[in-house]
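# Fold and geometry: a report
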Amino acid sequence: MQGTKNLTQGPINRQLFNLAMPIMATSFIQMAYSLTDMAWVGRLGSEAVAAVGAVGILTWMSGSIALLNKVGAEVSVGQSIGARSEEDARSFASHNITIALIIAVCWGAVLFLFAHPILRIFELKADITAHAVTYLRIVSTGLPFVFLSAAFTGIYNAAGRSKTPFYISGTGLVMNIILDPLFIFGFGWGTVGAALATWLSEATVFGIFVYQLRRRDDLFGGFPFLTRLKKRYTRRIFKLGLPVATLNTLFAFVNMFLSRTASEQGGHIGLMAFTTGGQIEAITWNTSQGFSTALSTFIAQNYAAGRTSRVKQAWRTTMWMTGVFGTICTLEFIFYGSEIFSVFVPEAEAYRVGGDYLRIDGYSQVFMMLEITMQGVFYGLGRTVPPAVVSIGCNYMRIPAALFLVHMGMGVDAIWWAVCGTTIAKGIILTTWFLIIKRKIL
């Protein structure tokens, strides 16, 4: 099939590694956008970090919604390639892009128009909230770039061309790294400068994707970006992508509640520790997500082609890789949490509280990687509901668990322990679920 890689033949370990590395690097690049902003904004003080962090919860929610078409493209296009149906691959690609644009415009309008009442949820000081509102309104206008780039990335991943999104996203990161200090300190624009730097970088990434697909590549013999939606393709995309987007979006709602609780218990320092700590923790999350996405693409093609032995071997290989990395992250967070946090926010009180977050959450890193790896297995098999059930159930348990521990007098640490405990539970439950059904489907 034109412009794609056949993953149903050849050495499994090499294919997985070659597919996972660019995806993982792309995830790190996307994470680095936020970390770069945090690192530079951190020099403005913890209040500025709290403002950006509050918006970070909403941008995370936006990224979660964008997963509908990223995962929808990876699985629907990937399975079409495995079944050798180029016409379906083209149609699924066009439908994912069209749906992504519609959702981005609607969601961006909501965040822009209702920025102030949404951010008042965090109960921050009036001046911090004002900075956050301005930041949110700027980044919300760039959401079409984010959503469409996510859909483009999913299409390339499904085609086995994961290096292309890596190079394109890398260009955007370099641009963001250059513009952040220039806009924040050189022009004296503060948090507004950070927002503008991110906006311009995202627009650049989108523009390169369009150029690549229109002028350089000819995936599936070419396909239109926008198309009239057909029930067959739209239903399949929502069936595959909606559970994933839902579980991640509900996860963001849970974190919004926990962020407010952190603000109540620890003021802006508590909120800053939770949001910035989550960004640092994304080092583990994005690594496992890279392997998970590669595993999902690999399984989608091989499962559709009836190559179940390759599916099982790929699963075992990926589990071994992510287990090693998860152990390394666990040790670093537990023993060097404060030192790691101080790189981003140098205030003593800030990195003390943030270090406590990383230390406590460090105990769950292996289990987090286990959960995300198993998500890739289920997604590749076209079974996106089990990960959603486990994730939604355990994530919502964080709220009563945190409130109970707060009531027990644990303060802001109660939130960190609630997050850690439920993450461990998700990894164990989802793995057990797969082991129970594995003999029936493989």
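Let us look at the structure shown here. Predicted model, so just to flag it, every value in this text is computed and none were measured.

## Considerations on the nonpolar core
- The biggest cluster of nonpolar side chains holds 90 residues, and the ones touching the most others in it are L119, F147, F220, F223 and W416.
- Counting residues per element, this core draws most heavily on helix α2 (residues 46-82), at 15 residues.
- In contact with W416, not counting residues within four places along its chain, are A262, G270, A273, F274, V353, D356, Y357 and I360.
- Core analysis: the next-biggest nonpolar cluster, separate from the first, contains 18 residues, F298, A314, F378 and V390 among them.

## Brief notes about the packing of helix α11 (residues 348-362) against helix α14 (residues 413-441)
- In contact at an axis separation of 9 Å, α11 and α14 are set at 25° when each is read in the N-to-C sense. Classified by the angle between their axes, α11 and α14 sit roughly parallel to one another. Here α11 runs over α14; the crossing is right-handed. On α14, the residues that touch V353, D356, Y357, I360 and D361 of α11 are D413, W416, W417, V419 and C420.
- Within the contact of α11 with α14, the residues separate by chemical class into 7 nonpolar, no polar and 3 charged.

## Brief notes about the pattern of salt bridges
- As enumerated under the stated definition, the model contains 7 salt bridges in all.
- The residue E86 makes a salt bridge to R90 at a minimum N-O spacing of 3.2 Å. In this pair, E86 and R90 are both assigned in helix α3 (residues 86-113), 4 residues apart and thus about one turn of the helix distant.
- According to the relative accessible area criterion, E86 is partly exposed, its value standing at 25%.
- Residue class for R90 comes out partly exposed when judged on its relative accessible area of 26%.
- Among the salt bridges present, the one from E371 reaches K426, with a minimum N-O distance of 3.6 Å. Taken together, the positions of E371 in helix α12 (residues 365-380) and K426 in helix α14 put the pair 55 residues apart, joining distant regions of the chain. Assigned by exposure class, E371 and K426 land together as buried.
- Linked through salt bridges whose partners overlap, the residues forming this network are E349, R352 and D356.

## Considerations on the packing of helix α7 (residues 163-186) against helix α8 (residues 190-216)
- Where α7 meets α8, the axes come as close as 8 Å, and the angle between the chain directions of the two elements is 155°. As summarised for this structure, α7 and α8 are arranged roughly antiparallel, according to the angle between their axes. Judged by the sense of rotation from one axis to the other, the crossing of α7 with α8 is right-handed.
- Tallied by class, residues from the contact of α7 with α8 come to 13 nonpolar, 11 polar and 1 charged.

Criteria and thresholds
Note on numbering: residues in each chain are counted from 1, in written sequence order. In keeping with the model being predicted, local features are shown solely for residues with a pLDDT of at least 70 and side-chain atom pairs are shown and tallied solely at 80 or more, while totals for entire chains, interfaces and linings include all residues. Calculated side-chain values reflect all of the structure's heavy atoms, with hydrogen atoms and water omitted. Put simply, buried Ala, Val, Leu, Ile, Met, Phe, Trp, Tyr and Cys residues joined by side-chain atoms within 4.5 Å make one nonpolar core. Under the scheme applied here, a residue whose accessible area is under 20% of the maximum for its type counts as buried, over 50% as exposed, and between as partly exposed, the area being computed with a 1.4 Å probe on protein chains only. Helix numbers and strand numbers start at the N terminus; a helix is a DSSP run of H or I with at least 4 residues, a strand a run of E with at least 2. The contact criterion used is simple: two residues touch if any of their non-hydrogen atoms lie within 4.5 Å. The convention used is that axes are lines fitted to C-alpha atoms, helices contributing only their stretch in contact, and that angles between N-to-C directions extend from 0 to 180 degrees. The cut-offs work like this: below 35 degrees is roughly parallel, past 145 is roughly antiparallel, 65 to 115 is roughly perpendicular, and the gaps in between are oblique. Crossings are classed by handedness, with left-handed meaning an anticlockwise turn of the near helix from the far one by less than a right angle and right-handed meaning a clockwise turn. Here the term charged refers only to Asp, Glu, Lys and Arg, the term nonpolar to Ala, Val, Leu, Ile, Met, Phe, Trp, Tyr, Cys and Pro, and the term polar to all other amino acids, Gly among them. By salt bridge we mean one thing: a side-chain nitrogen of Lys or Arg within 4 Å of a carboxyl oxygen of Asp or Glu.

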